[in-house]
Amino acid sequence: MRNKLKIRKAEKDELDGRINDMDKTINEIERQNMARMLREKLQDDEPCPVCGSVHHVKSHMEYVKSDDSDALKDKLNKYKKEYDGAAQDIVIFETKIKAEEKNENEIKNKILELGEEFKEVPLDVLENEFKNLKNKTNKVNIEKSEFDKKIKLLIKTSNKLE
């Protein structure tokens, strides 16, 4: 369980890095596309809506098609879903580990309550002793049942005599 948790945390961290990189890439593409659109609309001797300059240098800017941008956004959404799944798995694994640790501690406390004498007797001896006690209990129950039958018979006989 701890190994699965460790693997999932590493996957989550990797996805987090991919998401951050993809966000930066998408933001940069959108920024460049906005700048390109503004540059395309600039007219000589008219002020720039951003800086107010009337002198415009129109250098070549690369344009990323909206299909390419959409593909990046789709990939980003896929990474985010994977990230969310990893985060959920991590919570589940951590919860299970905590429950196992609690159970382990309870068992350890029960063993401590049994004391040192418990540890001194081998398990197979205790198992044999348990089987013997179980057999004796079964015999006593059978004998009790027979006595109950005899008591009922005696009561019936006693009632007939009266």
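Residues numbered from 1 in each chain as written. Predicted model: local features only at pLDDT ≥ 70, side-chain atom pairs only at ≥ 80, totals over all residues. Heavy atoms only, no water.

1. Some words on the overall build of the chain
Line of reasoning, step 1. Counting its regular elements, the chain contains four helices and zero strands.
Line of reasoning, step 2. The linear arrangement of helices and strands in the chain, starting from the amino end, is α-α-α-α.
Line of reasoning, step 3. Over its C-alpha atoms the chain spans a radius of gyration of 40 Å, topping by over 25% the 15 Å that the globule rule assigns to 162 residues.
Line of reasoning, step 4. Its C-alpha atoms give the chain principal-axis dimensions of roughly 135 × 50 × 25 Å.
Line of reasoning, step 5. Here the chain holds 162 residues, and 12% of them are scored as buried.
Line of reasoning, step 6. The long-range share in the chain, meaning contacts at least 24 apart out of those at least 6 apart in sequence, stands at 69%.
Line of reasoning, step 7. Per element, the accessible surface of the chain, about 13900 Å² overall, is 54% carbon and sulfur.
Line of reasoning, step 8. Side chains of the chain carry 35 positive and 36 negative charges; the gap between the two charge centres is 8 Å. (Helix = DSSP H or I, 4+ residues; strand = E, 2+ residues; numbered from the N terminus. Rg over C-alpha atoms; globule rule 2.2 N^0.38 Å. Buried < 20%, exposed > 50% of the residue type's maximum accessible area, 1.4 Å probe, protein only. Contact = heavy atoms within 4.5 Å. Areas by Shrake-Rupley, 256 points an atom, 1.4 Å probe, with all protein chains shown as cover. Lys, Arg positive; Asp, Glu negative; His and termini not counted. Charge placed at Lys NZ, Arg CZ, Asp CG, Glu CD.)

2. Here's the deal with the nonpolar core
Line of reasoning, step 1. Core analysis: the biggest nonpolar cluster contains six residues, these being Leu15, Ile19, Met22, Ile26, Leu76 and Tyr79.
Line of reasoning, step 2. When contributions to this core are tallied by element, the ones reaching two or more residues are α1 (2-41) and α2 (66-114).
Line of reasoning, step 3. With four residues, the top contributor of residues to this core is α1.
Line of reasoning, step 4. Dropping the residues within four chain positions of it, Leu76 is found in contact with Ile19, Met22, Asp23 and Ile26. (Core = buried A, V, L, I, M, F, W, Y, C linked by side-chain atoms within 4.5 Å.)

3. Description of unusual backbone geometry
Line of reasoning, step 1. In the Ramachandran plot, Asp45 falls in the positive-phi region, its phi being about 65 degrees despite a non-glycine side chain.
Line of reasoning, step 2. Position of Asp45 relative to the elements: it lies in the loop between α1 and α2.
Line of reasoning, step 3. Relative accessible area serves as the criterion here: at 68%, Asp45 is assigned to the exposed category.

4. Quick notes on the pattern of salt bridges
Line of reasoning, step 1. Applying the stated criterion across every chain, the model contains ten salt bridges.
Line of reasoning, step 2. Connected via shared salt-bridge partners are Arg8, Glu11 and Asp89. (Salt bridge = Lys/Arg side-chain N within 4 Å of Asp/Glu carboxyl O.)

5. Description of α1
Residues spaced three or four apart along an α-helix face the same direction, because each turn holds 3.6 residues.
Line of reasoning, step 1. Across its 40 residues, α1 extends 58 Å between first and last C-alpha, which sits within 8% of the 58 Å expected from 1.5 Å per residue.
Line of reasoning, step 2. The set of residues buried in α1 consists of Leu5, Arg8, Leu15, Ile19, Met22, Ile26, Ile29, Asn33 and Arg36. (Expected span 1.5 Å × (residues − 1).)

6. What to know about a nonpolar patch on the surface
Line of reasoning, step 1. Together, Phe147, Ile151 and Ile155 make up an exposed nonpolar region whose accessible area comes to about 300 Å².
Line of reasoning, step 2. The topology assignment puts Phe147 in helix α4 (residues 123-161). (Patch = residues over 30% accessible without salt bridge, like charges linked within 9 Å, V, L, I, M, F, W, Y side chains within 5 Å.)

7. Here we look at the confidence of the model for the chain
Do not read the fine detail of predicted coordinates wherever pLDDT is low.
Line of reasoning, step 1. In the predicted model, the chain carries a mean pLDDT of 86, and 93% of its residues have values of at least 70.
Line of reasoning, step 2. Element-level pLDDT for the chain is lowest in helix α3 (residues 116-120), with a mean of 72, against a maximum mean of 90 in α4. (pLDDT = per-residue confidence, 0-100.)

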